[in-house]
Amino acid sequence: MLALGVEIAVIDVQITLRFPEHRHAEVVLGMPGMGPLLGAEFIACTGRDTDAFGSVGRLAGVAGLTPVPRDSDRISGNTRRPHRYLRRLPRVFYLSAQAAARFCLTSKAFYDRERAGGKTHKQAILARAAVASTSYGPSSATDAEQPSHRNGA
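The next subject is the overall build of the chain. The helix and strand inventory of the chain stands at 7 helices and 2 strands. Helices and strands appear in the chain in the N-to-C order α-α-α-α-β-β-α-α-α. Each of the 153 residues in the chain was classed as buried or not, and the buried ones make up 32%. Carbon and sulfur atoms make up 56% of the accessible area of the chain, which totals about 9,500 Å².

Next up, the structure:
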């Protein structure tokens, strides 16, 4: 059992040293609460090419963080939780949002505001995760092309 812990620690160090070499590392590490291990998991979940999503809304949809419409003929505006999404990706955003709520002042203010509004801890963290997924943005876009998606909140 002790050998397994040592092996995991060695792999964590290898990931930490290797992750900054990835072409999206700077953008991913710029997200609040995202470190080298979560960043590597994010890159692994997205298939190494985050440009394939095209937009931050699509990334949030694939992560299962945005509601899906459940409209009928005359009724609109009903939404539900999605059934099909990448199961590992929400975990990355949830853990990064949880870390950001503890250590990033902007994220902590967002979390406190959500809690003051009556949301539970899990609801406030999921709201922060949804905001984090939309603050990423494709790496090929410049700040001039998508300024609204690069909010720090």
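This part is about the nonpolar core. One finds Val-28, Met-34, Phe-42, Leu-59, Leu-89, Val-92 and Phe-93 to be the most contacted residues of the largest nonpolar core, which totals 24 residues. Going through the elements one at a time, α2 (25-29), α3 (36-45), α4 (56-62), α5 (88-103) and α7 (121-134) are the ones with two or more residues in this core. Here the element with the most residues in this core is α5; it accounts for 5 residues.

Before going further, it helps to examine the pattern of salt bridges. Evaluated as defined, the whole model comprises 4 salt bridges. Here Glu-21 and Arg-18 are joined by a salt bridge, their closest N and O atoms 3.2 Å apart. Residue Glu-21 shares its accessibility class with Arg-18, and that shared class is exposed. Of the charged contacts, one joins Arg-91 and Glu-41 as a salt bridge, the two residues approaching to 2.7 Å between their closest N and O atoms.

Quick look at the confidence of the model for the chain now. On average, residues of the chain score 80 in pLDDT, and 86% of them reach the 70 mark or higher. In this model residues 137-153 is a low-confidence stretch, pLDDT under 50, and it forms 30 contacts with partners more than four residues away in sequence or in other chains.

Across its 12 residues, helix α6 (residues 105-116) extends 16 Å between first and last C-alpha, which sits within 8% of the 16 Å expected from 1.5 Å per residue. Once α6 finishes, Gly-118 follows within two positions and takes phi at roughly 105 degrees, a positive value.

Packed helices, taken two at a time, are described by their axes: the angle between them and the distance between them. The geometry of α3 relative to α5 is characterised by a closest axis approach of 9 Å and an angle of 155 degrees between their N-to-C directions. Judged on the interaxial angle alone, α5 and α3 are roughly antiparallel. As α3 packs across α5, the resulting crossing turns out to be left-handed. Residues Leu-38, Glu-41, Phe-42, Ala-44 and Cys-45 of α3 touch α5, and the partners they reach there are Arg-88, Leu-89, Arg-91, Val-92, Phe-93, Leu-95 and Ser-96.

Looking now at the packing of helix α1 (residues 2-18) against α3. Close contact between α1 and α3 brings their axes to 9 Å; oriented N to C, the two are set at 75 degrees. With respect to α3, the element α1 is oriented roughly perpendicular. For the pair α1 and α3, contact is made by Asp-12, Ile-15 and Thr-16 and by Pro-36, Leu-37 and Ala-40, respectively. The class makeup of the residues in the contact of α1 with α3 is 4 nonpolar, 1 polar and 1 charged.

So, about a nonpolar patch on the surface. Taken together, Leu-2, Val-6 and Val-10 make up a surface patch of nonpolar side chains, about 300 Å² in accessible area. Looking at the element boundaries, Val-10 is found in helix α1. Residue classification places Val-10 among the partly exposed residues on the basis of a relative accessible area of 43%.

With that out of the way, let us pick up the packing of aromatic side chains. Going through the model one piece at a time under the given rule, you end up with 1 aromatic pair. For the pair Phe-42 and Phe-93, a centre-to-centre distance of 5.7 Å together with 75 degrees between the ring planes defines the contact as edge-to-face. Within this pair, whereas Phe-42 is found in helix α3, its partner Phe-93 is found in helix α5, the two being separated by 51 residues in sequence. Phe-42 sits in the buried class, given a relative accessible area of 0%.

Cut-offs and rules
- Residues numbered from 1 in each chain as written.
- Predicted model: local features only at pLDDT ≥ 70, side-chain atom pairs only at ≥ 80, totals over all residues.
- Heavy atoms only, no water.
- Helix = DSSP H or I, 4+ residues; strand = E, 2+ residues; numbered from the N terminus.
- Buried < 20%, exposed > 50% of the residue type's maximum accessible area, 1.4 Å probe, protein only.
- Areas by Shrake-Rupley, 256 points an atom, 1.4 Å probe, with all protein chains shown as cover.
- Core = buried A, V, L, I, M, F, W, Y, C linked by side-chain atoms within 4.5 Å.
- Salt bridge = Lys/Arg side-chain N within 4 Å of Asp/Glu carboxyl O.
- pLDDT = per-residue confidence, 0-100.
- Contact = heavy atoms within 4.5 Å.
- Expected span 1.5 Å × (residues − 1).
- Axes fitted to C-alpha atoms, helices over the stretch in contact; angles between N-to-C directions.
- Parallel < 35°, antiparallel > 145°, perpendicular 65-115°, else oblique.
- Left-handed = near helix turned anticlockwise from the far one by under 90°.
- Nonpolar A, V, L, I, M, F, W, Y, C, P; charged D, E, K, R; others polar.
- Patch = residues over 30% accessible without salt bridge, like charges linked within 9 Å, V, L, I, M, F, W, Y side chains within 5 Å.
- Phe/Tyr/Trp six-rings, centres within 6.5 Å; stacked < 30°, edge-to-face > 60°.

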